[in-house]
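What the coordinates show
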Amino acid sequence: MKMEEMTLSGLDNSKLEAVAHDIYTDLVEDACLGLCFEVHRAVKCGYFFLDETDPDSMKDFEIVDQPGLDIFGQVYNQWKNKECVCPNCSRSIAASRFAPHLEKCLGMGRNSSRIANRR
């Protein structure tokens, strides 16, 4: 018998209780299975016991909110982050000039043929 064929008026109390019990059982089993999968994945990936740490070791990982420091408590040097090292000539170049430098240094890009003609 399909659910579409059944109507609530045609069922007696025992059949209604059986259907409700089946639905309840399916929901509980689904929730338990989902929890089991989450725990199994956490154990396999190695993050299951991350909550069980002592408070002293957690102080090392607190977010720092002080001017001049990043969120890890290290001194933030804003100019150091804006420099790139050329993989071809190993020079330190400002990040805003890195793409044009790389074009000229590697001899590629839209102006490379013009520069090669001048050489």
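Keep in mind it's a predicted model, so treat the numbers as computed, not measured.

As a further point, take a negative patch on the surface. A grouping of Asp22, Asp26, Glu29 and Asp30 is seen on the molecular surface, where their side chains present a negatively charged patch. Considering the arrangement of structural elements, one finds Asp26 in helix α1 (residues 13-45). Accessibility expressed as a relative area gives 51% for Asp26, which makes it exposed.

When the UniProt feature table is mapped to this numbering, "zinc finger region: SGF11-type" (unreviewed entry) covers residues 84-105. In this annotation, residues 84-105 is assigned 36% helix and 23% strand; the end-to-end C-alpha distance for the span is 14 Å.

Tallying each qualifying case throughout the model produces zero disulfides. Between Cys36, a cysteine without a disulfide, and Cys32, which holds the nearest cysteine sulfur, the sulfur-to-sulfur distance is 6.6 Å. Accessibility expressed as a relative area gives 48% for Cys36, which makes it partly exposed. With no disulfide of its own, Cys84 has Cys86 as its nearest cysteine by sulfur position, at a separation of 10.0 Å. Taking relative accessible area as the criterion, Cys84 reaches 25% and is therefore assigned partly exposed.

The phi angle at Ser90 is positive, at roughly 60 degrees, despite the residue not being glycine. As for its position among the elements, Ser90 is in the loop between β1 (83-85) and β2 (92-94). Overall, the relative accessible area of 57% leaves Ser90 in the exposed class.

Together, Leu35, Val39, Val43, Phe48 and Phe49 make up an exposed nonpolar region whose accessible area comes to about 460 Å². Note on placement: Val43 falls in helix α1.

Conventions and cut-offs
- Per chain, residues are indexed from 1 in the order of the written sequence.
- Selection of residues for local features in this predicted model requires a pLDDT of at least 70, selection of side-chain atom pairs for listing and counting requires 80 or more, and totals for whole chains, interfaces and linings are taken over all residues.
- Excluding hydrogens and water, the side-chain values take into account all heavy atoms of the structure.
- Patches draw on residues past 30% relative accessible area with no salt bridge. Two like charges within 9 Å are joined, as are two nonpolar side chains (Val, Leu, Ile, Met, Phe, Trp, Tyr) within 5 Å.
- Shrake-Rupley sampling with a 1.4 Å probe provides the accessible areas, and residues are treated as covered by the protein chains on show and by no other component.
- Definition used for salt bridges: Asp or Glu carboxyl oxygen within 4 Å of a side-chain nitrogen of Lys or Arg.
- For the charge count, each Lys or Arg is scored as positive and each Asp or Glu as negative, with His and the chain ends excluded.
- Note that the charge is assigned to NZ on lysines, CZ on arginines, CG on aspartates and CD on glutamates.
- Under the scheme used here, helices are H or I runs from DSSP no shorter than 4 residues and strands are E runs no shorter than 2 residues, and both carry numbers assigned from the N terminus.
- Accessibility here uses a 1.4 Å probe with only protein chains present; expressed as a share of the type maximum, an area under 20% marks a residue as buried, one over 50% as exposed, and anything in between as partly exposed.
- UniProt positions are given in the numbering used here, feature names are shortened, and annotations may be inferred rather than shown by experiment.
- To count as a disulfide, a pair of cysteine sulfur atoms needs to be within 2.5 Å.

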